[in-house]
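Reading the structure
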Amino acid sequence: MDKTESQDSIIVFDTTLRDGEQSPGAAMNVDEKLEIARALEEMGVDVIEAGFPISSPGDFQAVQRLSREIRGCTICGLTRANEKDIDVAAEALQDAARPRIHTGLGVSDVHIEHKLRTTREGALEKGVAAVKHAKKYVEDIEYYTEDAGRADPDYLYRVLEAVIDAGATVVNIPDTTGYSTPTEFGALIAGIKNNVPNIDKAIISVHCHNDLGMATANTLAGVRNGARQVEVTVNGIGERAGNTAMEEVVMAIKTRRDVFGLNTNINTRHFYSISRLVSELTGIPVQPNKAIIGANAFAHSSGIHQDGFLKERTTYEIIDPRDVGAPDSAIILSARSGRHGLRHRLAELGYTLDGDTFEKVYERFLEVADRKKTVDTRDLEAIVSDEAGMYFEETYHLEQVQVSCGNLSIPTATVRIAGPEGEVFCDADHGTGPVDAIYRAINRVIGEPNELIEFSVQAVTEGIDAVGRVTIRIRADEESKDTRWVFSGHGADTDIVVASAKAYMFALNRLIAARREAANR
Ligand code: KIV
Ligand code: ZN
């Protein structure tokens, strides 16, 4: 059977937790990865690349935990083409319902000569040996031909034929550096179909990077020419300029069925919520004009467009926002909505909160409703992510923050923080501005060395009373290692100074939890 042609369904392989996590500062802990994996499973993703098991104990644990708890998807672990990597991946995957080992190595001359320091023949033999070794553990082997976009096609064909003979069930054709154009990449996949004699025994997968902004176009060109698996990430996060965005490829296939004639198993109504979840947990904001899930993706602001849209939606809208789960921000709540109204709206937005978390969200909702009078969907999302999005133990809790500043005064902050045993600390400091003063005061209490490397504020809604959302990133030395940790933190409040304090506490608690975890290992 020709695996690539017989199939009119595209396999969606999500690598948010592996290539996506390689985005600078996007590191997630195991609980956070599990939360994303559950959302991926629920939306119908076929394969989850859960990590690179040999690279760190955290990655090993993530692959192992997902293997045990995510039963509806194939769970995949990445390796280099050597026995040790493969042994460790096999161990991490041993409880998976459907395990896959993803192994491989470079095929371009620049990778073979400079990175692998071998010859074409040497690389080919190593790749074949890796597949044979992986085959001792699992049936499903995916082989990646790194930097295929810049390789000599004849050599690539030979590698593919050999690894398929050795047992590879999926062959991954990455445009690792995002160098290809859609015409070239489509031709490369067509060339593979026409020149690799045993290609009918494997599925062709495409894995594109976005360095020239062509990842989605290249992936779709691959699909048009016979690829039947797409490797994608939520929001397109990933190394450097990122990977192909899942929401873009899937919506292109769905919206332009006339062109592609193909389906995926994805329930597209989950796009909006998973996008927010990934953004929250990685600390990488979604640009407002991002296709499909950006805040402006369905906003019509010019008069001419609004006029046409109001007469007939399809004049300026090719996708119904409900199809990607974009919330209707016109639905607003007020303090009078009460617990019942809030619970109902949260359920509509896909949030199911346990009793304690719901009570915290309800308290915050009342505070915001009190200040703003009305609370729309975006406010609610900010509140929920603040109160529910913590997948680590909160060692220190900010109880109170107070700042004085102005053009004729020295910015000074006082903080009250509850410690791990319930003890309460109060301290104060001054700084170059109110946020600096708060961070210094917090540092006096917590004393966890770090460096603030990023700080951004965004208004969640329009208007002077908008909820402000602060996202920060801190960097700290990892004990007894040369590497450095980067953690993001976020906080939301109608007072951006308070939001800044919350964001810093979030990142610090995350750092403390990671230190504790590392010490326990
Ligand atoms: O971009 C790439 O080539 C990769 C491989 C490891 C699959 O991420
Ligand atoms: Zn990649």
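Preceding block: the structure.
Every chain's residues receive numbers from 1 upward, in the order its sequence appears when written. All chains are assigned letters beginning with A, and all ligands numbers beginning with 1, in the order in which they are written. Two thresholds apply to this predicted model, a pLDDT of at least 70 for residue-level local features and 80 or more for giving and counting side-chain atom pairs, whereas whole-chain, interface and lining totals are computed over all residues. By convention in this description, side-chain values take in all heavy atoms of the structure and omit both hydrogens and water.

Quick notes on the pairing of strand β4 (residues 99-106)
- Most of β4 sits inside the fold, with seven of its eight residues counted as buried.
- Two strands pair if DSSP finds at least two bridges between them. Helix and strand assignments follow DSSP, with helices taken as H or I runs no shorter than four residues and strands as E runs no shorter than two, numbered in order from the N terminus. Bridge count for strand β3 (residues 74-78) against β4 is four bridges, and the pairing is parallel. Its bridge partner being in β4, Gly77 is matched across the sheet by Ile101.
- Viewed with both strands pointing away, a crossover whose connecting path from the first strand over the helix to the second turns clockwise is right-handed. Note on the crossover from β3 through helix α3 (residues 83-92) to β4: the handedness is right-handed.
- Sheet topology places β4 next to strand β5 (residues 140-146); seven bridges connect them, and they run parallel. By the bridge assignment, Ile101 is partnered in β5 with Ile141. The rule is simple: take the accessible area with a 1.4 Å probe, protein chains only, and divide by the maximum for that residue type; under 20% is buried, over 50% is exposed, in between is partly exposed.

Let's talk about helix α14 (residues 355-372)
- Over its 18 residues, α14 extends 25 Å from the first C-alpha to the last, a length consistent with the 26 Å expected when each residue adds 1.5 Å.
- Of all the positions in α14, only Thr357, Phe358, Val361, Tyr362, Arg364, Phe365, Val368, Ala369 and Lys372 are classed as buried.
- We call two residues contacting when some pair of their heavy atoms lies within 4.5 Å. Among the structural elements, α13 (338-348), α15 (377-388), β14 (484-493) and α17 (496-520) are those in contact with the buried residues of α14.
- Pairs of N or O atoms within 3.5 Å make up the polar contacts considered here, provided that, within protein, one atom can donate a hydrogen while the other can accept it, and that residues adjacent in sequence are counted only when both atoms are side-chain atoms. For α14, the side-chain oxygen to backbone nitrogen distance between the N-cap and Asp356 is 3.2 Å, and the N-cap itself is Asp354.
- Where α14 ends, the next residue or the one after it, Lys373, has phi of about 75 degrees, a positive value. Here the expected length of a helix is defined as 1.5 Å per residue gap, with one fewer gap than residues.

Concerning the coordination of the zinc ion (ligand 2)
- Taken together, Asp19 (OD), His207 (NE2) and His209 (NE2) make up the full set of protein donors to the zinc ion (ligand 2), lying 2.0 to 2.1 Å away.
- Counting the intervening residues between successive donors of the zinc ion (ligand 2) yields the motif D-x187-H-x1-H. Each member of the pair, His207 as well as His209, carries the same accessibility label: buried. Only N, O and S atoms count as donors, using a 2.8 Å cut-off from the metal and 3.2 Å for Na, K and Ca, and because water is excluded some sites may appear unfinished.

Concerning the packing of aromatic side chains
- Working definition: rings of Phe, Tyr and Trp (its six-membered ring) pair if their centres are within 6.5 Å, and the pair is stacked with planes under 30 degrees apart, edge-to-face with planes over 60 apart, and tilted otherwise. According to the stated counting rule, one finds five aromatic pairs in the structure shown.
- Taking the centre distance of 5.1 Å and the plane angle of 90 degrees together, the rings of Phe392 and Phe506 count as edge-to-face. Residue Phe392 is located in the loop between α15 and β9 (397-404), and its partner Phe506 is located in helix α17; the two are separated by 114 residues in the primary sequence. Across the pair, exposure class does not vary: Phe392 and Phe506 are buried alike.
- Considering the side-chain rings of Tyr439 and Tyr504, the 4.0 Å spacing of their centres and the 10 degrees angle between planes classify their relative orientation as stacked. Of this pair, Tyr439 sits in helix α16 (residues 434-446) while Tyr504 sits in helix α17; the two residues are 65 residues apart in sequence, bridging distant segments of the chain.
- Here Tyr504 falls in the buried class, since its relative accessible area comes to 2%.

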